[in-house]
Amino acid sequence: MGRAVIGAHGAGWLRVVHSPVGKASGKLWAGPEDAERAVPLEVPRPRLRAVREWAEGEDAFRAELYEYVGGHVLTAGDVSGLTASWWIQLRTALERLSGVPTERVAVRQAYMDRAMPKYLGFLDAPVPTTPPAWTTAHGDLHWANLTGPDLRILDWEGWGIAPAGYDAAMLHAYSLAVPESAERVRRELSGFLGCAAGRLAELVVITELLQSAERGDNLELVPALRARAREVRGRMDGR
């Protein structure tokens, strides 16, 4: 949970998370601090000002104080109002982030090998599971983790190495329910999506979202995800 606060650092955003004590570690727990240390300032995000951790019985808590950022979080329906400058900033941010050295992993090869044949089995052809390239990604780049009118990228828990084009592919997948927005994403992020790596990344993201639909998440996207998977797979074969 989170809320705006006023304190010694001025206006800020306080986020508090909790976990069983035995699980209060690892990639997701440490992600924001790792990002604050490693991700360059050219990638626009709220700065992490302070962190406090404590335990109460079997529960561990973590409070993160961020600088306060104005504007609002976005939805796929907001895309038509985004400026050319906003898209330039996003492209630049993804390019800068892609080269950040890290040992963190956002998507594992073993997952792709296991899950892609299962969730993309409706396609007419076998699905490749090995990316042409790997780069560093935010790992959860949906609209609610982006702000406007000034770009800030939020929620850095899961960043790490992923198939090249993964962030652009995720933003596109979450836009599919609004065809005009999906088309805008494809146009603005064509450098990430319009290549072999981007096509593979799209299939990875579609796999993840189809899997999440089994738990009841993003059910409204399923028909569009399946249709897009067929289109992308056809393009791999030049159809």
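This section reports on the structure supplied with the text. (Residues numbered from 1 in each chain as written. Predicted model: local features only at pLDDT ≥ 70, side-chain atom pairs only at ≥ 80, totals over all residues. Heavy atoms only, no water.)

Some words on the overall build of the chain
The cut-off we apply is this: The helix and strand labels rest on DSSP assignments: H or I over at least four residues marks a helix, E over at least two residues marks a strand, and numbering proceeds from the N terminus. C-alpha atoms define the radius of gyration in this analysis, and the globule rule sets the expected value at 2.2 Å times the number of residues to the power 0.38. Using a 1.4 Å probe on the protein chains alone, a residue whose accessible area is under 20% of its type maximum counts as buried, one over 50% counts as exposed, and one in between counts as partly exposed. Residue contacts are defined here by distance: any two heavy atoms, one from each residue, within 4.5 Å place the two residues in contact. In short, Shrake-Rupley with a 1.4 Å probe defines the accessible areas, and a residue's cover is counted only from the protein chains shown. Here the positive residues are Lys and Arg and the negative ones are Asp and Glu; neither His nor the chain ends is included. Where a charge lies is defined by one atom per residue type: Lys uses NZ, Arg uses CZ, Asp uses CG and Glu uses CD.
On a plain count of helices and strands, the chain comes out with 8 helices and 8 strands. Since a compact globule built from 239 residues should have a radius of gyration of about 18 Å, the 18 Å found for the chain is in line with a globular shape. Here the C-alpha coordinates of the chain stretch approximately 60 × 40 × 35 Å along the principal axes. Residues counted as buried form 47% of the 239 residues belonging to the chain. Summarising the internal contacts of the chain: among those between residues at least 6 apart in sequence, 71% fall at separations of at least 24. For the chain, the exposed area adds up to about 11,700 Å²; of that, 53% sits on carbon and sulfur atoms. Side-chain charges of the chain comprise 28 positive and 30 negative groups, with the mean position of each set lying 3 Å from the other.

Some points on the environment of asparagine 218
Tracing the backbone shows asparagine 218 in the loop between α7 (196-213) and α8 (222-236). Along the chain, asparagine 218 and leucine 154 lie 64 residues apart, while their C-alpha atoms are 20 Å from each other. Ignoring any residue separated from it by four or fewer positions in sequence, one finds asparagine 218 in contact with Tyr174, Leu209 and Ser212.

Remarks on α7
Within an α-helix, residues lying three or four positions from one another point in the same direction, as the helix has 3.6 residues per turn. For clarity, the threshold we go by: A helix is expected to span 1.5 Å for every residue after the first.
The end-to-end C-alpha distance of α7 is 26 Å, a good match for the 26 Å that 18 residues give at a rise of 1.5 Å each. A large share of α7 lies buried, amounting to 15 of its 18 residues.

A word on the sheet that holds strand β1 (residues 2-7)
So the rule is basically this: Here, a strand pair is defined by DSSP locating no fewer than two bridges between the strands. Here an angle of 0 to 180 degrees is reported between the N-to-C directions of two axes, which are lines fitted to C-alpha atoms, with helices fitted over the stretch in contact.
Strand order in the open sheet formed by 4 strands is β1-β2-β4-β3, and the pairing between neighbours is antiparallel. In this open sheet, the two edge strands, each paired with only one partner strand, are β1 and β3 (48-56). Strand-to-strand, the axes of this sheet are offset by a mean angle of 25°, without reference to chain direction. Sheet analysis places β1 next to strand β2 (residues 10-20), joined by 6 bridges and oriented antiparallel. In the strand pairing of β2, glycine 7 is matched with glycine 10. Here helix α1 (residues 27-38) sits on the sheet in contact with β2, β3 and β4 (59-67), set at roughly 30° to β4.

Comments concerning unusual backbone geometry
Note that the residue after glycine 148, namely proline 149, is joined by a cis bond; omega there is 5°. One can find proline 149 in the loop between β7 (147-148) and β8 (160-163). Phi at aspartate 155 is positive, roughly 60°, even though this residue is not glycine. On the basis of relative accessibility, which here comes to 36%, the residue aspartate 155 falls in the partly exposed class. A positive phi angle, close to 55°, is found at asparagine 218, a residue other than glycine. Here asparagine 218 falls in the partly exposed class, since its relative accessible area comes to 22%.

Re empty space enclosed by the protein
Empty space among the atoms becomes apparent when a probe as large as a water molecule is rolled across them. Short version of the rule: Using a 1 Å grid laid over the protein atoms alone, points where a 1.4 Å probe fits but cannot get out form a cavity; open sets with protein on both sides within 12 Å along at least 5 of 7 lines form a pocket; any residue with an atom within 4 Å of a point counts as lining. Grid points are joined across faces, edges and corners, and a volume is the space filled by probe spheres set on the points. Under this grouping Gly is polar, as are all residues other than the nonpolar Ala, Val, Leu, Ile, Met, Phe, Trp, Tyr, Cys and Pro and the charged Asp, Glu, Lys and Arg.
Scanning the entire structure with this criterion turns up 2 cavities of 30 Å³ or more. Taken as a whole, the largest cavity spans an internal volume of roughly 50 Å³. With 3 residues, α1 is the single largest residue contributor to the lining of the largest cavity. Class assignment of the residues belonging to the lining of the largest cavity gives a composition of 6 nonpolar, no polar and 2 charged. Along the walls of the second largest cavity sit Ala169, His172, Ala173, Leu176, Glu202, Val205, Ile206 and Arg228, which together make up its complete lining.

Re the pairing of β2
Every regular strand shows the same layout, with side chains that alternate between the two sheet faces. Direction of pairing for β2 relative to β4: antiparallel, over a ladder of 9 bridges. Of the residues in β4, the one forming a bridge with glycine 12 is glutamate 67.

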